[in-house]
Amino acid sequence: MSAAVLEQGEDAFRKIFRFYRRKNPPADLSGVLEFRPGESRLKPVELRVSAVSDQDAGLLGLQPLHQWSAYHVDGYPGFLFIVNPFLPGWQHRWVRQCLKVYPRKPNVCNLDLHMNLDSASDLWSSSHAQLRNRSSQKRSEKTLLEKLRWVTVGFHYNWETKKYYREHQSPFPVDLAELSRCVSLACGFPSFKAEAGILNYYHMDSSLGIHVDESELDHSSPLLSFSFGQSSIFLLGGLSREIAPTPMMMHSGDIMVMSGASRLLYHAVPRILRHPRGSALPPCLSVPPCNNDSSPVIEPCSPSDWEVCKSYLQSSRINMTVRQVLEEGGSFPEEGDTHGREMTKEDSYYSEDNETQGTEEQGLTKRMKTEEQD
Ligand code: SIN
């Protein structure tokens, strides 16, 4: 970390963020926490293995719970990390949902501003042929799918006001609700309700600014995070930006749970990285999709759909966060009431360098940055 020099007026989180965001010369990654046995900062977690049957876990593409490796990190009570618990060939189904199904109407995405509902509802159809036939050598125009930055499901997060509204919701995807239920049961949160989801689509030059997820009205419920595709550095900080964050490596299939004292911690994603042991794709995605077993919960990913997903994931990462918005039996405040603490510019998703932010989406993608904008 010797190269991380504090600029005048810069907080400790931002200093580390800049350090890992840097491409030239590449940042030294030796201080990044890898979730593997024997790492002294990690404590293995006992999950509620009897809360979900092996069969129910299998229908979601998950290994039996007793085979999962889950960890607490020293100094972060309430933070849980589950190392890729997906069965071989099953992450593919979730990736397909993220690219083919969840971006469809009535869900909301960043491209809605630029196109009418009909075309926005069919990002997959407009992109799949080009993605499937793309040669890795050739630079070609970006498909609509590659221009996708975020999708919201359930209660739709409003990026401008940073709030959720009773009137602005669509059905929460049943398969993702089931996956969330399984993970929350395993982690000891039996009453968790998946009410809002934010999907972020990253490319190799993307980052996600320093922020706290506090717009939900209920902070006693955990926030679940699922990652697929290329790897990333995740920075987990404290309740203030003056606290230096811990850099952690996240790979495809990994799941994070932020709960209790960790639910409102500052965090960010400064860098997307290729998996150290992958060539184009990480090893867990280099196997064909498993289509031998049918599941009433999650649709299979056909070999031809996987060709499209594979081409997309060669330089992309997808993250889904799932949240409970309302407390048990709770409701939205009446119009005019503010809910939650008003976020300051400092706290917002796009507080990073926002003076240099592009105007492409007029604020709606400002939280996600690309290298050129630095
Ligand atoms: C988020 O904090 O909203 C997403 C984090 C991630 O992409 O891992």
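Residues numbered from 1 in each chain as written. Predicted model: local features only at pLDDT ≥ 70, side-chain atom pairs only at ≥ 80, totals over all residues. Heavy atoms only, no water.

Let's talk about the site of the ligand
This is how the line gets drawn: Throughout this document, a residue counts as near a molecule or strand when at least one of its heavy atoms sits within 4 Å of that molecule or strand. A 3.5 Å cut-off defines polar contacts: any pair of N or O atoms within that distance qualifies, except that in protein one atom must be a possible hydrogen donor and the other a possible acceptor, and neighbouring residues in sequence count only when both atoms are side-chain atoms. The Shrake-Rupley method, run with a 1.4 Å probe, gives the accessible areas here. Residue values count only the displayed protein chains as cover. Only DSSP runs of H or I with at least four residues qualify as helices, and only runs of E with at least two residues qualify as strands; both kinds are numbered from the N terminus onward. Only Asp, Glu, Lys and Arg are considered charged, only Ala, Val, Leu, Ile, Met, Phe, Trp, Tyr, Cys and Pro nonpolar, and every remaining residue, Gly among them, polar.
Inspection of the region around the ligand gives 11 residues, with Tyr-202, His-211, His-267, Arg-317 and Asn-319 positioned closest. A distance of 3.0 Å separates an oxygen atom of the ligand from a polar atom in the side chain of His-267. In isolation the ligand exposes 260 Å². Once the protein is present, 99% of that is buried. At the level of elements, strand S6 (196-203), strand S7 (206-211), strand S12 (267-273) and strand S13 (316-323) are the ones that each hand at least two residues to the shell around the ligand. In the shell around the ligand, the residues fall into four nonpolar, four polar and three charged.

Description of the sheet that holds strand S4 (residues 108-109)
Just so we agree on the cut-off: When DSSP locates at least two bridges between a pair of strands, those strands are taken to pair. It only takes one pair of heavy atoms within 4.5 Å for two residues to be counted as in contact. Axis definition: a line fit to C-alpha positions, over the contact stretch in the case of helices; interaxial angles, taken between N-to-C directions, run 0 to 180 degrees.
With antiparallel pairing, the nine strands of this open sheet are ordered in space as S1-S2-S3-S11-S8-S13-S6-S5-S4. In the strand order of this sheet, the two ends are held by strand S1 (42-44) and S4, each with one partner. Two strands pair when backbone bridges link them, and strand S8 (residues 223-229) and S13 are joined in this way by six bridges, in the antiparallel orientation. Bridge pairing links Phe-228 to Ile-318 in S13. In the packing of helix H3 (residues 91-101) onto the sheet, contacts are made with S6, S8 and S13, and the angle to S13 comes to roughly 85 degrees.

Looking at helix H1 (residues 12-21)
The condition is simple: Categorising residues by exposure relies on relative accessible area from a 1.4 Å probe, with only protein chains included: less than 20% of the type maximum marks a residue as buried, more than 50% marks it as exposed, and the intermediate range marks it as partly exposed.
Most of H1 sits inside the fold, with eight of its 10 residues counted as buried. The complete set of buried residues in H1 reads Ala-12, Phe-13, Arg-14, Ile-16, Phe-17, Phe-19, Tyr-20 and Arg-21. If you check the start of H1, you find a side-chain oxygen 3.2 Å away from the backbone N of Phe-13, and it comes from Asp-11.

Regarding the nonpolar core
The following threshold applies: Residues belong to one nonpolar core when they are buried, are Ala, Val, Leu, Ile, Met, Phe, Trp, Tyr or Cys, and are joined through side-chain atoms within 4.5 Å.
Ranked by internal contacts, the top residues of the largest apolar core, which has 59 residues, are Trp-68, Leu-99, Leu-179, Val-183, Tyr-201, Phe-226 and Met-320. With six residues, the single largest contributor to this core is helix H7 (residues 174-186). Setting aside chain neighbours within four positions, we find Trp-68 in contact with Leu-47, Leu-62, Gln-63, Ile-82, Pro-85, Cys-182, Val-183 and Ala-186. Counting residues in each nonpolar core, the second largest holds 21 residues, with Leu-42, Phe-234, Leu-236 and Met-256 among its members.

Quick word on the pattern of salt bridges
Just so we agree on the cut-off: Here, a salt bridge means any side-chain nitrogen of Lys or Arg that lies within 4 Å of a carboxyl oxygen of Asp or Glu.
In total, this model carries 16 salt bridges according to the counting rule given. One salt bridge in this structure joins Glu-39 and Arg-41, with 3.4 Å as the shortest N-O distance. A residue is classified by how much of its surface remains accessible, and Glu-39, at 24% relative accessible area, is partly exposed. Take Arg-41: its relative accessible area is 31%, and that puts it in the partly exposed class. For Arg-96, the salt bridge is made with Glu-299, and the minimal N-O distance between the two is 3.3 Å. You can see Arg-96 sitting in helix H3 and its partner Glu-299 sitting in the loop between S12 and helix H8 (303-313), a full 203 residues away along the chain.

A short note on the layout of surface pockets
The following threshold applies: Using protein atoms alone on a 1 Å grid, points that fit a 1.4 Å probe yet trap it form a cavity, whereas open point sets bounded by protein on both sides within 12 Å along at least five of seven lines form a pocket; residues with an atom within 4 Å of a point count as lining. Grid points are joined across faces, edges and corners, and a volume is the space filled by probe spheres set on the points.
Approximately 320 Å³ is the volume attributed to the second largest pocket. Taken together, 16 residues make up the lining of the second largest pocket; nearest its centre are Val-83, His-251, Asp-254, His-275 and Arg-277. The residue makeup of the lining of the second largest pocket, split by class, is eight nonpolar, four polar and four charged.

Section: the confidence of the model for the chain
To keep it simple, the criterion reads: The pLDDT value tells you how sure the predictor is about a given residue, anywhere from 0 up to 100.
Across the chain, pLDDT averages 88, with 86% of residues at or above 70. Note on residues 338-366: pLDDT is under 50 here. Beyond four places in sequence and across chains, it has 72 contacts. In this model, residues 370-374 is a region of pLDDT below 50 whose contacts with residues beyond four sequence positions or in other chains number 13 contacts.

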